[in-house]
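Coordinate inspection notes
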Amino acid sequence: MSLDPYGENTQPEYKRSTRVKVRCGNCGRLLAERVTAPWTIKCSRCKCVNESAPLIPAPQELSEKAALKVATARNEQTSGS
Ligand SMILES: [Zn+2]
């Protein structure tokens, strides 16, 4: 089990608490070589604040649906204003 401490071979990257080569979601600038959640990194180029996804102790299917709901709600908020 200690051969894969970050889940690099067992979990998709977006589900890991540790991520490698994190890039800015806005401009794509490389922010960090390796970070472990929870993390917040402000991009030095575009000032966009990048954050780790909140860890929700829920069944996988449920949390993905909830995440989609949140993303949809955010999109509606930003497009409405
Ligand atoms: Zn950026």
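Residues numbered from 1 in each chain as written. Predicted model: local features only at pLDDT ≥ 70, side-chain atom pairs only at ≥ 80, totals over all residues.

The next point concerns the overall build of the protein. For the protein, the count of helices and strands is one helix and four strands. Listing every helix and strand of the protein by position from the N terminus yields β-β-β-β-α. Put simply, the protein has 81 residues, and 1% of those count as buried. In the protein, once contacts between residues fewer than 6 apart in sequence are set aside, the share between residues at least 24 apart is 8%. (Helix = DSSP H or I, 4+ residues; strand = E, 2+ residues; numbered from the N terminus. Buried ≥ 20, exposed ≤ 12 C-beta atoms within 10 Å, placed from the backbone. Contact = placed C-beta atoms within 7 Å.)

The residue K47 is located in the loop between strand 3 (40–42) and strand 4 (49–51) in this model. The class of K47 is exposed, set by 10 C-beta atoms lying within 10 Å. Placed 20 residues apart in sequence, K47 and C27 show a C-alpha to C-alpha distance of 9.7 Å.

For the rest of this paragraph, the subject is the environment of R23. You can see R23 is positioned in strand 1 (residues 18–23). For R23, a count of 14 C-beta atoms within 10 Å corresponds to the partly exposed category. When the C-alpha positions of R23 and C43 are compared, they lie 8.9 Å apart, and in sequence the two are 20 residues distant. Each residue touching R23, except ones within four places of it in the same chain, is listed here: G28, R29, L30 and L31.

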